[in-house]
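# Analysis of the macromolecular model
The chain contents come next:
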Amino acid sequence: MLKSKTFVKKTRSGGIMKIVREHYLRDDIWCGSEFCVECKHDSTVLQKEAYIESDLCSSPHYIIPDTNVVLHQIDILEDPLIKNVIILQTVLQEIRHRSAPVYKRIKDVIHNATKHFYTFTNEHHRETFIEREQGESANDRNDRAIRTAAQWYSGHLKKAPDAQDLRIILLTNDKANKQKAEECGLSAYKCEEYIKSLIANPELVDRLALSSDDNNEITTSKVLFPEHLPLSRIQAGIKSGNLLQGTFRASRDNYLEATVFIQGDGEDSTEVLIQGLQNLNRAVHQDVVAVELLPRDAWASPSSLVLLDEGPKADSENVEEENVLKGSASSTESKPSGKVVGIIKRNWRPFCGMLSQSQIKEATRHLFTPADRRIPRIRIETRQAATLAGQRIMVAIDGWPKHSRYPNGHFVKALGNAGDKETETEVLLLEHDVPHLAFSQLVLSFLPKMPWAITEEDMKHRVDLRKLCVCSVDPPGCTDIDDALHCRELENGNLEIGVHIADVSHFIRPGTALDQEAASRGTTVYLCEKRIDMVPELLSSNLCSLRCSVDRLAFSCIWELNQDAEVLHTRFTKSVINSKASLTYAEAQMRIDDSSMNDDITKSLRGLNRLAKMLKKKRIEKGALTLSSPEVRFHMDSETHDPVDLQTKELKDTNSMVEEFMLLANISVAQKIYDEFSECALLRKHPAPPLSNYDILNKAAKSRDVVIQTDSAKTLADSLDRAQIEDFPYFNTLLRILATRCMMQAVYFCSGMDSDFHHYGLASPIYTHFTSPIRRYADIIVHRLLAVAIGADCTDPDLLDKHKRSALCNNLNYRHKMAQYAQRASVALHTQLFFKSRGVLNEEGFILFVRKNAIIVLIPKLGLEGTVFFESKDRITPPLTFNEEGPTLTVQNHTFHLFDRVKVTLSLDSSNIQHQKIRMSIIEPVIPGVSVDPPEMEPQTKKARLEH
């Protein structure tokens, strides 16, 4: 049956276009139930045994939720107890348009066979499709479509002889929709009403999201925040220029402060400073907000105070707020400041953290403290407070009324005991949005069948390089070996250098579930004790990994260089290699340094090392930066996998050797794919930092009578090379660490969507990522582009679509940033575990930053940064004098400067189990009145301290 609509539309040029929309209706769409005798299908979804014990309905029943129930109660629908649910096509289409995250979650539930969720395409069923009536809103039409489908199900299944007791229950929180459903003879309940009626799992009530009706339930009568402007006024304000739109970024160090990033063209992007609860106006980190600028005389500067929202507060403005604002507004370096006047898009997600149990006996309302300090505390109702005490839990925000100091939310799930390594690792993965679930069977179905071997078909468009003396050089324990190298002398006296990269794109074909999963994950995430693979282990550690003594498919970049390391010729080819050795950096270095070793592998390594030094010298002469950041390596206990020792990573010549040829390969490939595909090449750029970024570096250098020039990467590199102080060899490293903090983030982009290709840090006009396709999805795309460019593979339409390529780059940039943060969090967690077993250590360090009430100290030996506070709530604060120009901080009669050498005592502060931290106290210089006593420790920690 065919329904069609014909209407005319006026075009931009003034012409008339006739549009015909056809809508096909069928009567053979099956209902999905085991009860049904009319439209029986081979595989049924909805069970006969559809029993959920309920006070409202004792008979078997199927549930039909409306759109708002799915949108707001997805946590309930995901619970294992809720089964036999019919998701209507009308609902699914609305969800898709209104919330991509919820759409993905409900699709995952539908695909979970144990949940028995069935999608019914009511919009194409002859008996359930309805036309929109004259004057009827789209929302009312959809509500009617849902009721019509529920009525059809009710009548359709009654025809089955053994389905007489079966009921169809419509869940809706819309009063009008519920009333109309009941008038039609349907069983309709509010979601909360139905969930509270369930006998089997009373804890499910805790997962109920607050509806708009009861959003103001957990509040005080006092209005604490200004009303948010409606969206229509916000849009008009942005259009007129009276309001600005940007992303809200809460401060980690000061809960009364945030910035709003206003995206502009190129260097026109700006940041607006927001200070104080009223001006923050219920915005949450990463929300898209509307901001109104304050008058110029009310502009302020960022506060230098470290101010954390410790302990439950009253529902009133905090006393500290005015003090913070007064202090910052008096500064001469004021920034554009403003206030949040409306929310354009909430970016809420479930947050990990811990419950702060109410002191009132038998209370059901409690405060939840998120693990991320940038997220405000959340009020929730739960009857499980005693059970959840000491556990990490997940909570979702439902709303933030203007009467409430904190947003309201609901409990989602418990993650495990706080402090357990497994629980804390799960928390850091969830908090940084790292996809870490096991690969689905659908994804795994696209892997090659074992045993696998190279076939004649695989050898098409490939060169056989198995006789070459190829070897890999990697960190210890590396199993996902992406790259291998070779060096040999040619008859004409020149040298042939080859970089051979795992041919992952051979196994991962475009558009497959395996490809889509890798694109979504974006990158492999390396934690201290494990890694979260981007592709399944069969590929990452076996078939793609360039292990020694096995034939492997590769993509090779081969150069002819003269003895002065000048590139004479470059070629690219798909290949087959057989690596002759898998070496660590230390093993490769030992071979190079051992004059008694002269085998082919060692000769190859020496040639590579010699050329790499020349290549590096040329790069640095062009202005490439050599920066520094302290990295640590943990030594793990083989049984418990707990850290037993840590040390800073030592870089050898072989590290630099591999790096130089990877950089050369990436630059060569970037130029090739751009030459072939100027509109859709996937490239990587590193923007030059704005000069204001260098303020802290300039101040630090000036404090030691050293001048740093920041006009270009070349002048910066040269002045960093000259920045030496006699008897202070670590000064130059400290400057380079600070210079690293001044840099912008390097990002992927599509060549057809940007005009600035320059890589500031490498001083290269063009760059991409080609050398790590096992662990980076960007490299897989680059491999596909290069394969098409050399005629080794055919293209697919998405590959040459610059808009899709640009959207992919946005996801890859996000995934790489989150992976970095997750890796740092893993280092912090393992540092805490290390100190838990070692007790107290005394170490030398250097001051990296000076704040109003604290100094931030770097411990080079441990690669660790920490804060020494000079004020606390339970002690008398010594007199503090902060000079912003220095910057310097005077405590009693001692003045601290940047890069001063200090001695500190380090211990694990477990007083707040959620935010355990390494506590630093000053030992030298000795300051009268400043205590250095470590916090009270557990007995085993005291013992460890005595042993130390």
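Here the structure is a predicted model, which is why all the values come from computation and not from measurement.

Right, let's get into unusual backbone geometry. Peptide bonds are trans in most cases, and residues, glycine excluded, mostly fall at negative phi. With an omega of -5 degrees, the peptide bond running from Met450 to Pro451 counts as cis. In this fold, Pro451 is placed in the loop between helix H13 (441-444) and strand E18 (462-464). In the segment running from Glu924 into Pro925, the intervening peptide bond is cis, with an omega of 0 degrees. By the secondary structure assignment, Pro925 is in the loop between strand E38 (917-924) and helix H24 (939-947). Phi angles above zero are rare outside glycine, and Gln286 is one such case at about 80 degrees. Examined against the element boundaries, Gln286 turns out to sit in the loop between helix H9 (277-280) and strand E11 (288-293). The phi dihedral of Asp705 falls on the positive side, at around 55 degrees, and the residue is not glycine. Relative to the elements of secondary structure, Asp705 occurs in the loop between helix H19 (695-702) and helix H20 (713-722).

Let's shift gears to the nonpolar core. Core analysis: the largest hydrophobic core is formed by 88 residues, its most contacted members being Leu539, Trp559, Leu605, Phe661, Leu682, Phe770 and Tyr777. Excluding residues within four positions of it along the chain, Tyr777 makes contact with Asp515, Ala518, Ala519, Gly522, Met534, Arg784, Leu808 and Leu812. Core analysis: the second largest hydrophobic core is formed by 59 residues, Ile76, Leu88, Val102 and Ala188 among them.

Glancing now at the sheet that holds E11. Taken together, 5 strands build an open sheet; the order of strands is E10-E9-E8-E11-E12 and the sheet is antiparallel. Here the strands that pair on one side only, and so sit at the sheet edges, are strand E10 (270-275) and strand E12 (338-345). Neighbouring strand axes in the sheet, compared pairwise and without regard to direction, differ in orientation by 40 degrees on average. Sitting on the sheet, helix H8 (residues 231-240) touches strand E8 (244-250), E11 and E12, and the angle it makes with E12 is about 120 degrees.

About the cut-offs
Residues numbered from 1 in each chain as written. Predicted model: local features only at pLDDT ≥ 70, side-chain atom pairs only at ≥ 80, totals over all residues. Heavy atoms only, no water. Helix = DSSP H or I, 4+ residues; strand = E, 2+ residues; numbered from the N terminus. Core = buried A, V, L, I, M, F, W, Y, C linked by side-chain atoms within 4.5 Å. Buried < 20%, exposed > 50% of the residue type's maximum accessible area, 1.4 Å probe, protein only. Contact = heavy atoms within 4.5 Å. Pairing = 2+ DSSP bridges. Axes fitted to C-alpha atoms, helices over the stretch in contact; angles between N-to-C directions.

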